[in-house]
Amino acid sequence: MTVAPLRENSLLRRFSVFVLAAAVADFLFGAVFVTVLLERGVDPWLLGSVLAAAHLVGLVVEAPSGALGDRYGHRRLMVVGLALWGAGFAAFGLADALATTALALVLWAFGYHLYSGTPTALVVNRIGSRDRAARIARTVRYGQVARRSGAVLGAASVMVAGAWLPADLLVAAGGGLLVLLAALGPVCFPPSPGQPGRRVLAIVAESASLVAGVRFLPLVALTASMAVGTALLVVSWQPMLVAAHGDDVRLNGLMLLVMTAALTAGALCAKFLDLRDPRLWGPACATLVGAPVALAAHGSVPLWAGLVAGEFLIGLAGVLTGVWQQTMFTDANRNTMFSMLSMVAGVFLMATTLSFGWLWELFGLPRATTALASVGVLLAVASAVLARIVPDPARHAEGAEPAPEADGPRG
């Protein structure tokens, strides 16, 4: 896909670096959080319940947070979200009781969902009309590659620092990095004026009516499929690794490093597909996400091969899903519509993590993994079928207006 050169790329570069740094902090947590919870005496059923509760908090916060960003400005919401997200990580790392740990996870979920979507909205809403669809696709791909690259760096940090730092202090260090990013946010991003003439509830209602429409059905199904596949891999890989190789946080870091490298490779390889046709490629890739994870759980393929293949497919399908989302959103409601689909993802994330804990307890890890992977496949197939039935909408939802003063991201 050829994209005309942008007149000013500095904002896109700052966006990429900022997303990368936030991902480093996120994956300092992601590499070890299940291990930390198990070390603190959390049983499998309770593990799923605690993580589901955190997702429930995010679900409640998501829609109003998106509307707050569209109403009061995306940069302001991003800074607040990063500060709370970092505070949650710091509290999780320093907690010494299960109750404190649970509260830290709630704070993490609250801050993360305030932050989510705001950096992309800051950039995409400043893209002009020339080559708009291609530039949106490029922005989404840059953001996804930056996030995946940050995951690689975070995993490498765990592998190196895990030799002399305990897992909980690694999470606390990630919290400190997020708080630093919150302080740098006003420097890295231009101000976003918001829309003072609109009420938050009106933005939420308008966005909900758009996303609930028939033409969003294929995208909703794909978003749900990706949520199931991603949540399954996140909650299953560490127990599978512990069962196979024992409890060694450095091995967690090594495995996550390999997995996130595959995730980054998948995001990079998305450029070889036609990103202007995510309705075709998105469901096709999502259909395959859960299969290698389930095969690894049953021992049918080597553990590392199944996890690497699953991560590669998530990286590939994640770019396609993100492009499809951003080309459907309106500029006026971009962050809120993102939040609406994030709520859909949140429902399936919560259901997957909760179901995984109980299914693992009742039937064992391999059968639990297979059951949830099958749900992801069914949702991806539904997305593909719906994409054939529902007419292809315009590149933007009705009423979208590109930023008239911009010909590309401005620094």
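Residues numbered from 1 in each chain as written. Predicted model: local features only at pLDDT ≥ 70, side-chain atom pairs only at ≥ 80, totals over all residues. Heavy atoms only, no water.

Some points on the overall build of the protein
What counts is decided by this rule: Helix and strand definitions follow DSSP, with helices as H or I runs of at least four residues and strands as E runs of at least two, each counted in order from the N terminus. Exposed residues in this analysis have more than 50% of their type's maximum accessible area, buried residues have under 20%, and partly exposed residues fall in between, with area computed by a 1.4 Å probe over protein chains only. Only heavy atoms enter the contact rule, under which two residues are in contact if any of them lie within 4.5 Å. With residues, only the protein chains shown are counted as cover, and all accessible areas are computed by Shrake-Rupley using a 1.4 Å probe.
Regarding its fold elements, the protein presents 16 helices and zero strands. A principal-axis box enclosing the C-alpha atoms of the protein has dimensions of 55 × 45 × 40 Å. Scored against the burial criterion, the 411 residues of the protein give a buried share of 57%. A separation threshold of at least 6 residues defines the contact pool for the protein, and within that pool the share at least 24 residues apart is 88%. Counting only carbon and sulfur atoms, one obtains 69% of the accessible surface of the protein, whose full area is about 15,700 Å².

Section: the packing of helix α4 (residues 74-94) against helix α8 (residues 167-188)
Heads up, the condition is: Whenever a helix is involved, its axis is fitted only over the stretch in contact; in every case the axis is a line through C-alpha atoms, and angles between N-to-C directions fall within 0 to 180 degrees. Just so you know how the angles are binned, under 35 degrees is roughly parallel, over 145 roughly antiparallel, 65 to 115 roughly perpendicular, and the rest oblique. When the near helix sits turned anticlockwise from the far one by under a right angle, the crossing is termed left-handed; a clockwise turn instead gives a right-handed crossing. When residue character is reported, Ala, Val, Leu, Ile, Met, Phe, Trp, Tyr, Cys and Pro are called nonpolar, Asp, Glu, Lys and Arg charged, and the others, Gly included, polar.
At a minimum axis separation of 7 Å, α4 and α8 run at an interaxial angle of 165°. Regarding the angle of α4 to α8, the classification is roughly antiparallel. Considering how the two elements wind past one another, α4 and α8 form a crossing that is left-handed. When its residues are assigned to classes, the contact of α4 with α8 shows 18 nonpolar, five polar and two charged.

Thoughts on the environment of Y112
Along the chain, Y112 falls in helix α5 (residues 98-115). Residues Y112 and G58 lie 54 residues apart in sequence; the distance between their C-alpha atoms is 7.9 Å. When near neighbours in sequence (up to four residues on either side) are disregarded, Y112 contacts G81 and W85.

Remarks on helix α1 (residues 10-30)
Operational definition: How far a helix is expected to stretch is found by multiplying one less than its residue total by 1.5 Å.
Taking 1.5 Å per residue as the helical rise, α1 with its 21 residues ought to reach 30 Å, and the 30 Å between its terminal C-alpha atoms agrees with that figure. Taken across its 21 residues, α1 has 17 buried, putting it largely inside the fold.

Considering the confidence of the model for the protein
Worth spelling out the cut-off: What pLDDT conveys is the predictor's confidence in a given residue, as a value from 0 to 100.
Here the protein averages 82 in pLDDT, and 90% of its residues register 70 or above. Between the elements of the protein, mean pLDDT differs from a low of 77, seen in helix α3 (residues 44-72), to a high of 93, seen in helix α16 (residues 365-389). The low-confidence segment residues 394-411, where pLDDT is below 50, has 62 contacts with residues more than four positions distant or belonging to other chains.

Quick look at a nonpolar patch on the surface
Quick note on the threshold: Note on patches: the residues involved have over 30% relative accessible area and no salt bridge, like charges join within 9 Å, and the nonpolar side chains Val, Leu, Ile, Met, Phe, Trp and Tyr join within 5 Å. Here, a salt bridge means any side-chain nitrogen of Lys or Arg that lies within 4 Å of a carboxyl oxygen of Asp or Glu.
A cluster of nonpolar side chains, W45, L354 and W358, forms an exposed patch at the surface whose accessible area comes to about 290 Å². As for its position among the elements, W358 is in helix α15 (residues 334-363).

Here's the deal with the state of the cysteines
Here is the rule: Defined by distance alone, a disulfide is two cysteine sulfur atoms within 2.5 Å.
Taken as a whole, this structure holds zero disulfides when the rule is applied. In this structure C285 is a free cysteine whose sulfur lies 11 Å from that of C269, the closest cysteine sulfur available. A relative accessible area of 9% means that C285 is categorised as buried.

Points about α15
With 30 residues, α15 should reach 44 Å at 1.5 Å per residue; the first-to-last C-alpha distance of 42 Å fits that figure. Taken from the residues just after α15, G364 is the one with a positive phi, measuring 95°.

A word on the side chain of Q238
Looking at the secondary structure, you find Q238 in helix α10 (residues 217-245). On the basis of relative accessible area, Q238 is assigned to the buried category, the value being 1%. Sequence-distant contacts of Q238, defined by excluding residues within four places in its chain, comprise G30, A31, V32, F33, V34, T35 and N252.

A few points about the packing of aromatic side chains
What counts here: Think of it this way: a Phe, Tyr or Trp ring, Trp meaning its six-membered ring, pairs with another when their centres are within 6.5 Å, and the plane angle makes it stacked under 30 degrees, edge-to-face over 60, tilted otherwise.
Applying the stated rule across the entire model yields nine aromatic pairs. With a centroid separation of 4.6 Å and 20° between ring planes, the pair formed by F29 and F89 is classed as stacked. You can see F29 sitting in helix α1 and its partner F89 sitting in helix α4, a full 60 residues away along the chain. Ring centres 5.3 Å apart and planes at 40° place the aromatic pair W85 and Y115 in the tilted group. Placement of W85 in helix α4 and of Y115 in helix α5 is noted, with a sequence separation of 30 residues between them. Just as W85 is buried, Y115 falls in that class too. Each residue in the set F29, F33, W85, F89, F92, W108, Y112 and Y115 is aromatic and connected to the rest through ring pairs, giving one cluster.

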